[in-house]
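Coordinate inspection notes
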Amino acid sequence: MFKINDNYQKLPGSYLFSTIAKKVNAYQEANPEKNLIRLGIGDVTQPIAPAIIDALHGAVDEMGHAETFHGYAPDLGYEFLRSAIAKNDYQARGCDISPDEIFVSDGAKSDSANIQEIFSVENKIAVCDPVYPVYVDSNVMAGRTGTYDPATEMWSDVIYMPCTKENNFVPEFPKQVPDMIYLCLPNNPTGTTLTKDQLQMWVDYANKVGAVILYDGAYEAYISEDNVAHTIYECEGARTCAIELKSFSKNAGFTGVRLGYTVVPKDLKCDDVALHGMWARRHGTKFNGAPYIVQRAGEAVYSDAGKAQLKEQVAYYMKNAAAIKNGLQEAGYEVFGGVNAPYIWLKTPDQMTSWQFFDYLLETANVVGTPGSGFGPSGEGYFRLTAFGTYENTLAALERIKAM
Ligand SMILES: *Cc1c(COP(=O)(O)O)cnc(C)c1O
């Protein structure tokens, strides 16, 4: 009889967003006349920018002619895209990253889940709490997290770094030394981030203790403050301790188009073994490349027209973020984030739990958000609203919340 990967059996409960969807559907069925406003799931709503649509059309047409048809893409990505990324996202910021250190993929979720494969299962991981659930769950599947305690909602072999208002959402160096440190900055779900100086301290720490930082920069485009790094490679020494994961989903609306990349610097080594070669091998064996059409769309993200249009798109969402932040503050809520990220993280009022506030908001204001406890035990007592709705819906949701 075959055996299964038992680690999957250890995963607790269902996925956060399916639980929310069930509750919302049940409420809507019972109250068909109610008009719900969804500020829950972190998906974009604005259409793909015109410069990118043009690039997509052009690439589709190329596929229809033998002379310009493209089959399998190079495993690691087309040179035109890797060069555009290296030039715009790194070299323009004074960061020494070359095109051949960039691995193009179909998105940051898969990369952030897959990257753990090149590390030993003995490694101890450290995550911020609350956290993007993929980091922990992918390590559970790999058998790296020990046993789950439903009472504390923690895994025995995971180091949790609480990020709450008490520490200004700045993780402290853990007592136990980690081997792999996940950092998502600016952060989903809290919408907060670290300053460049604070990030530098993490880079110094990782180099000192021999840990690797897995740096998720999915929300980099939303940074508005000058003292925040746009890539971890702005920090000195990051080339020897950090892998950066990037996505085109949030800066360019590619959640349905699918494109991302991972940077593995050649200086990142375990003894004499370069991780660059390992990830190249992994990528080449298990991935057959992001579509040509989509990589051309990715290239257009870095064109002058693309940059200008996307700047406007990000500004649109950040106008929502400011409206939510200010509106909630006026209504007496304690709010965080929303300055360098499209997420607003609020403290639930009157000692409500995250799920109590979810129900209250759903039933009283017909607004859907995300309970903080779904992102980890330290998220209890918090709630996430996203700025990815339309401006009109965002304002309408705020009016309803103010009237509660
Ligand atoms: C949305 C998001 C991503 C992007 O994932 P894609 O697979 O590229 O769509 C990555 N990390 C975090 C924390 C996110 O919120």
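In what follows, the structure referred to is the one given above.
Residues numbered from 1 in each chain as written. Predicted model: local features only at pLDDT ≥ 70, side-chain atom pairs only at ≥ 80, totals over all residues. Heavy atoms only, no water.

1. Thoughts on the nonpolar core
- Counting residues in each nonpolar core, the largest one holds 100 residues, and the members touching the most others are Ile 52, Ile 213 and Leu 328.
- A per-element tally of this core places helix 11 (residues 304–330) first, with eight residues.
- Those residues in contact with Ile 52 that lie beyond four places of it in its chain are Ala 252, Phe 254, Ala 297, Ala 300, Val 301 and Leu 310.
- The next biggest cluster of nonpolar side chains, apart from the first, holds 26 residues, and it includes Ile 125, Tyr 132, Trp 155 and Tyr 160. (Core = buried A, V, L, I, M, F, W, Y, C linked by side-chain atoms within 4.5 Å. Buried < 20%, exposed > 50% of the residue type's maximum accessible area, 1.4 Å probe, protein only. Helix = DSSP H or I, 4+ residues; strand = E, 2+ residues; numbered from the N terminus. Contact = heavy atoms within 4.5 Å.)

2. As for the site of the ligand
- Taken together, 14 residues surround the ligand, and among them Asp 216, Tyr 219, Ser 249, Lys 250 and Arg 258 come closest.
- Here an oxygen atom of the ligand and a backbone polar atom of Lys 109 are 2.8 Å apart.
- Asp 216 is positioned such that a nitrogen or oxygen atom in its side chain is 2.6 Å from a nitrogen atom of the ligand.
- Protein contact buries 93% of the 390 Å² of open area that the ligand shows by itself.
- Elements with a contribution of two residues or more to the shell around the ligand: helix 5 (108–114) and helix 8 (249–252).
- Looking at side-chain class alone, the shell around the ligand contains six nonpolar, four polar and four charged residues. (Near = heavy atom within 4 Å. Polar contact = N/O pair within 3.5 Å; in protein donor to acceptor, adjacent residues only side chain to side chain. Areas by Shrake-Rupley, 256 points an atom, 1.4 Å probe, with all protein chains shown as cover. Nonpolar A, V, L, I, M, F, W, Y, C, P; charged D, E, K, R; others polar.)

3. Some thoughts on the packing of helix 3 (residues 50–63) against helix 10 (residues 292–301)
- Where helix 3 contacts helix 10, the axes come no closer than 8 Å and their chain directions differ by 150 degrees. Between helix 3 and helix 10, the interaxial angle falls into the category roughly antiparallel. Where helix 3 crosses over helix 10, the handedness of that crossing is right-handed. The residues of helix 10 that touch helix 3, namely those facing Ala 51, Ile 52, Ala 55, Leu 56, Ala 59, Val 60, Glu 62 and Met 63, are Tyr 292, Ile 293, Arg 296, Ala 297, Ala 300 and Val 301.
- By residue class, the composition of the contact of helix 3 with helix 10 is twelve nonpolar, no polar and two charged. (Axes fitted to C-alpha atoms, helices over the stretch in contact; angles between N-to-C directions. Parallel < 35°, antiparallel > 145°, perpendicular 65-115°, else oblique. Left-handed = near helix turned anticlockwise from the far one by under 90°.)

4. Some points on helix 9 (residues 275–286)
- Across its twelve residues, helix 9 extends 16 Å between first and last C-alpha, which sits within 8% of the 16 Å expected from 1.5 Å per residue.
- Along helix 9, the positions that sit buried rather than exposed are Leu 275, His 276, Trp 279, Arg 282 and His 283. For helix 9, the arc enclosing every buried residue in end-on projection is 130 degrees, short of the 170-degree limit, so these residues lie on one face. Within helix 9, the exposed residues directed more than 90 degrees away from the buried face are Arg 281 and Thr 285. (Expected span 1.5 Å × (residues − 1). Arc of directions from axis to C-beta.)

5. Quick word on the pairing of strand 8 (residues 212–216)
- Within strand 8, five of the five residues are buried, which leaves it mostly tucked inside the rest of the structure.
- Here strand 8 shows a buried face lined by Val 212, Leu 214 and Asp 216 and a second buried face lined by Ile 213 and Tyr 215.
- By the bridge criterion, four bridges tie strand 8 to strand 9 (residues 242–247) in an arrangement that is parallel. From the neighbouring strand, Leu 214 faces strand 9, where its bridge partner is Ile 243. (Pairing = 2+ DSSP bridges.)

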